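Remarks on the overall topology
Here are the chains, one letter per residue:
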Amino acid sequence: MESNSRDGFSSKIGVIAAAAGSAIGLGNIWRFPYIIGDNGGGAFLIVYLLCVLTLGIPIMIGEFALGRISRVNAIATFRNLAPKSIFSIVGYIGLLSAFCILSFYGVVAGWCFSYILKSLSGEFNNLTADKADLIFNNLITGGLEPIFWQVAFMFLTGFIVLFGIKNGIEKYSKILMPLLFIIIIILDIRAITLANASDGLSFLFKFDFSKITLNTIFMALGQAFFSLSVGMGTMITYGSYISKKENLLTTSLNVAFADTLVAILAGIAIFPAVFTFGIDPSSGAGLAFISLPMVFSKMFMGNIFSLLFFILLLVAGLTSSISILEVIVAFICEDFSISRKKVTILTTIIVSLSGVICSLSNGFMKIDIFNHSYMDFLNYLSSNFLLPLGAILISIFIGFCFDKKLFIKELTNNGEIELPFKNLLFFLFKFFIPFIISIIFLQNLNIIKL
Ligand code: PHE
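I will try to describe carefully the structure that is included in this document. (Residues numbered from 1 in each chain as written. Predicted model: local features only at pLDDT ≥ 70, side-chain atom pairs only at ≥ 80, totals over all residues. Heavy atoms only, no water.)

1. Brief notes about the overall build of the protein
Quick note on the threshold: The numbering of helices and of strands both runs from the N terminus, where a helix is a DSSP run of H or I of at least 4 residues and a strand a run of E of at least 2. Computation of the radius of gyration draws on C-alpha atoms alone. For the globule rule, the value is 2.2 Å times the number of residues to the power 0.38. Residue burial is assigned from relative accessible area. The probe radius is 1.4 Å, only protein chains are included, and a residue is buried under 20% of its type maximum, exposed over 50%, and partly exposed in between.
Across its full length, the protein carries 18 helices and two strands. Compactness check: the protein gives a C-alpha radius of gyration of 21 Å against a globular reference of 22 Å for 450 residues, within 12% of the reference. Taking the principal axes of its C-alpha atoms as reference, the protein extends roughly 60 × 50 × 40 Å. By the burial criterion, 61% of the 450 residues in the protein qualify as buried.

Pasting the structure below:
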C-alpha cells in the first residue's frame, strides 16, 4: 500500500513538531482561556483534562494508526478501510469541519497581524481596560482591515502547504514551535508577578466541583477535540505521512502533553492580568486580545514582548492552519489527481471567501445563523458537533468494525514495541467514548434531560 513517491515526514522530531504544531494553536492561546473564563475556571479545567485523557488521546492514537495503515488522505482512508459502510462519511464530516474551522481560524489569526502593527506603533502604551476593549472592537468590526489580514493569513497558509510535507509543513514547524515555548514562558513569568496574580491563578486552578454542569462537560469535550486537532481527520492525514518506524503511542502522548501544557501556560499568562486589570473573565472571544496588551503595557520593554507574542500567536495559528488545509488539499490532490499547486490555490481562495463572510459577521454586517453570527456559528458547530460526531464514529469504527489485530500490529510496529493498556484502549473505543459523546448529544438535542 505504501508508495515510495509519496511525500512524508523525515524525522521523529519533525513528526512531533508538525503534529504538536497542529494541536497547539489559537485553540490553546485564544480559545481555551475564554472558554474556561465563560465556564467558571478550575471546574472546567479538571473536566477538560479528563476529556483529553479519556477521549482526546485515544482518538489521536486511533487516527494516527488508521492514517499510517492506509497511507492516503482521510476520506480515502475510510473508503479503503470501510468500503460501502456508513463510516465513509467520517472523511466527509472531516472535510466539512476543516472548511468551517479554517474559515474563522483565518479571521482570528488575521487579527494578530493588526496587533503586530499596533505593537510596533506604540498604540498599546499606557493602556486602560476600556481602551484595550475599544481597540479590539474597532478592529473586529472594521470591515476591510480584518478581511485584508484574514486573506493575507490564508495565503501564507497556502504558501506553506504548496511545498508539501517535508519541505513545507515539517520544515516550518521545526523552527516555529520551540520559539513559541520560550515566549510563552517569559510571558508567564511576567504575569505571575502582577499584583492580583493569585486571584487569577486561583480562578484557573481552584476546582469547585459544584460548578460542573452537563454544559461544562459539553464545552470541555468540544475544546479538547478542537485543541488536540482530532475528530476530523487531521491526524489521519498526518499519520499517513509518518514513517513505519515511529512509535505512535508515544508520539500521541507527547503531542497531547505539549498541547495541554501550552493551554495551561496560556491560562497562566492571561488570568493574572484579567484579575489585576479588572477584566471580566467571561468576556468572550476578545479575552486574550484585550487582557494581554494590558500586561504588555505594564511591562518593561512591553512593546517588544507584545510584538513577539502576536508574532508567535500568528505562528501557532499558522502551524495549525496548514494542518487543516492539508486535510482538504491531500483529499482533492489524491482523489482527483490534480496537482498540489492548483488544488492549494483553489482551496485557499474558497476558504478565504468564507472567511470574509466570517469577518464581516463580527459586527460590520449582520450575518446570523440560528441567532449566532456566522463566525460564532461555525466555531460552535465545528467544535461542539462536527468534531465529536467524527470522534464517535472513529471510535465505534475502531472498536467494532476494524480488524483489532491489524490495529494492534500498527501500534506495536509489527510486534516490535510494547502497547500497554491495550484492553483499556479498546474499552474506551467500544464503550466509554461512544457512551459519553452520545449522552452529551442527546442532552443537547433535548432528547434526554439529565
Ligand atoms: N488544534 C488547533 C488549535 O488548537 C486547531 C485545529 C483543529 C487544527 C482541528 C486542526 C484540526 O488551534
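Okay, back to it.
2. Examining the nonpolar core
To keep it simple, the criterion reads: Only buried residues count toward a nonpolar core, which is a set of Ala, Val, Leu, Ile, Met, Phe, Trp, Tyr and Cys residues joined through side-chain atoms within 4.5 Å. By definition in these notes, contact holds between two residues if any of their heavy atoms fall within 4.5 Å.
Among the nonpolar cores identified, the biggest contains 162 residues, and Trp111 and Phe289 are the most heavily contacted of them. With 18 residues, helix 14 (residues 302-336) is the single largest residue contributor to this core. Leave out the neighbours within four places in its chain, and Phe289 touches Trp30, Val108, Trp111, Cys112, Tyr115, Phe136, Phe310 and Leu313.

3. Thoughts on the packing of aromatic side chains
By convention here, two paired aromatic rings are described through the distance between centres and the angle between planes. Using the following cut-off: Pairs were defined over the aromatic rings of Phe, Tyr and Trp, the Trp ring being its six-membered one, requiring ring centres within 6.5 Å. Orientation was assigned from the angle between planes: stacked under 30 degrees, edge-to-face over 60, tilted for the rest. Consider the ring centre and the ring normal. A charge sits over the ring if Lys NZ or Arg CZ is within 6 Å of that centre and within 35 degrees of that normal.
Evaluated as defined, the whole model comprises 38 aromatic pairs. Judged by centre distance (6.2 Å) and plane angle (15°), the rings of Phe44 and Tyr48 are stacked. Here Tyr48 and Phe44 lie together in helix 3 (residues 42-70), a separation of four residues that amounts to about one turn. An identical accessibility class is assigned to Phe44 and Tyr48; each is buried. Judged by centre distance (5.2 Å) and plane angle (90°), the ring pair of Trp111 and Phe136 falls under edge-to-face. With a gap of 25 residues between them, Trp111 in helix 5 (residues 89-121) and Phe136 in helix 6 (residues 129-140) connect regions that are remote in the sequence. What links up through ring pairs into an aromatic cluster is the set Trp111, Tyr115, Phe124, Phe136, Phe289, Phe296, Phe309 and Phe310. The ring of Phe226 carries the charged tip of Arg31 above its face, separated from the ring centre by 4.9 Å.

4. Some details on helix 13 (residues 287-297)
In terms of burial, helix 13 is a largely internal element, ten of the eleven residues being buried. Those residues of helix 13 not exposed but buried are Leu287, Ala288, Phe289, Ile290, Ser291, Leu292, Pro293, Met294, Val295 and Phe296. Along its buried surface, helix 13 packs onto helix 2 (26-38), helix 5, helix 6, helix 8 (165-191), helix 12 (248-276) and helix 14.

5. Thoughts on the site of the ligand
Stated precisely, the cut-off is as follows: Summary of the distance rule: residues count as near a molecule or strand when at least one heavy atom falls within 4 Å of that molecule or strand. Distance and chemistry together define a polar contact, namely a pair of N or O atoms within 3.5 Å, with one atom able to donate a hydrogen and the other to accept it when in protein, and with adjacent residues in sequence counting only for side-chain atoms on both sides. Using the Shrake-Rupley algorithm and a 1.4 Å probe, accessible areas are obtained, with residue cover drawn only from the displayed protein chains.
Surrounding the ligand, one finds 16 residues, the nearest of these being Ala23, Gly27, Tyr105, Phe226 and Ser229. Contact between the ligand and Asn28: an oxygen atom at 3.3 Å from a side-chain N or O atom of the residue. The separation between a nitrogen atom of the ligand and a polar main-chain atom of Phe226 is 2.7 Å. Look at the ligand: alone it shows 320 Å² of surface, and the protein chains cover 100% of it.

6. A few points about the packing of helix 2 against helix 10 (residues 214-228)
Basically, it comes down to this: A fitted line through C-alpha atoms represents every axis, and for helices the fit uses only the stretch in contact; the resulting angles, taken between N-to-C directions, go from 0 to 180 degrees. Small angles under 35 degrees read as roughly parallel and large ones over 145 as roughly antiparallel, with 65 to 115 read as roughly perpendicular and the rest as oblique. Residue polarity follows a fixed list, in which Ala, Val, Leu, Ile, Met, Phe, Trp, Tyr, Cys and Pro are nonpolar, Asp, Glu, Lys and Arg are charged, and the others, Gly among them, are polar.
Contact geometry of helix 2 with helix 10 gives a least axis separation of 11 Å together with a crossing angle of 175°. On the basis of the axis angle, helix 2 is roughly antiparallel to helix 10. Contacts between helix 2 and helix 10 involve Gly27, Asn28, Arg31, Phe32 and Ile35 from the first element and Met219, Gln223, Phe226 and Ser227 from the second. Within the contact of helix 2 with helix 10, the residues separate by chemical class into four nonpolar, four polar and one charged.

7. Some points on helix 5
Inclusion rule: Expected helix span is taken as 1.5 Å per residue step, with the number of steps being one fewer than the number of residues.
Compared with an ideal rise of 1.5 Å per residue, which puts 33 residues at 48 Å, helix 5 spans 49 Å between its outermost C-alpha atoms and is within 8% of the ideal. Within helix 5, 26 of the 33 residues are buried, which leaves it mostly tucked inside the rest of the structure.

8. With respect to the environment of Gln443
Inspection of the secondary structure puts Gln443 in helix 18 (residues 422-444). Relative accessible area serves as the criterion here: at 15%, Gln443 is assigned to the buried category. Taking the C-alpha atoms as reference points, Gln443 and Val230, 213 residues apart in sequence, are found 22 Å from one another. Other than its neighbours up to four places away in sequence, Gln443 contacts Leu214, Ile448, Lys449 and Leu450.

9. Observations regarding the side chain of Thr348
Within the fold, Thr348 resides in helix 15 (residues 340-360). What Thr348 contacts, discounting residues up to four positions off in sequence, is Met154, Phe155, Gly158 and Leu325.

10. Regarding unusual backbone geometry
Even without being glycine, Lys84 reaches a positive phi, approximately 55°. Phi is positive for Asn126, which is not a glycine, with a value near 45°. One can find Asn126 in the loop between helix 5 and helix 6. For Asn126, a relative accessible area of 68% gives the class exposed.

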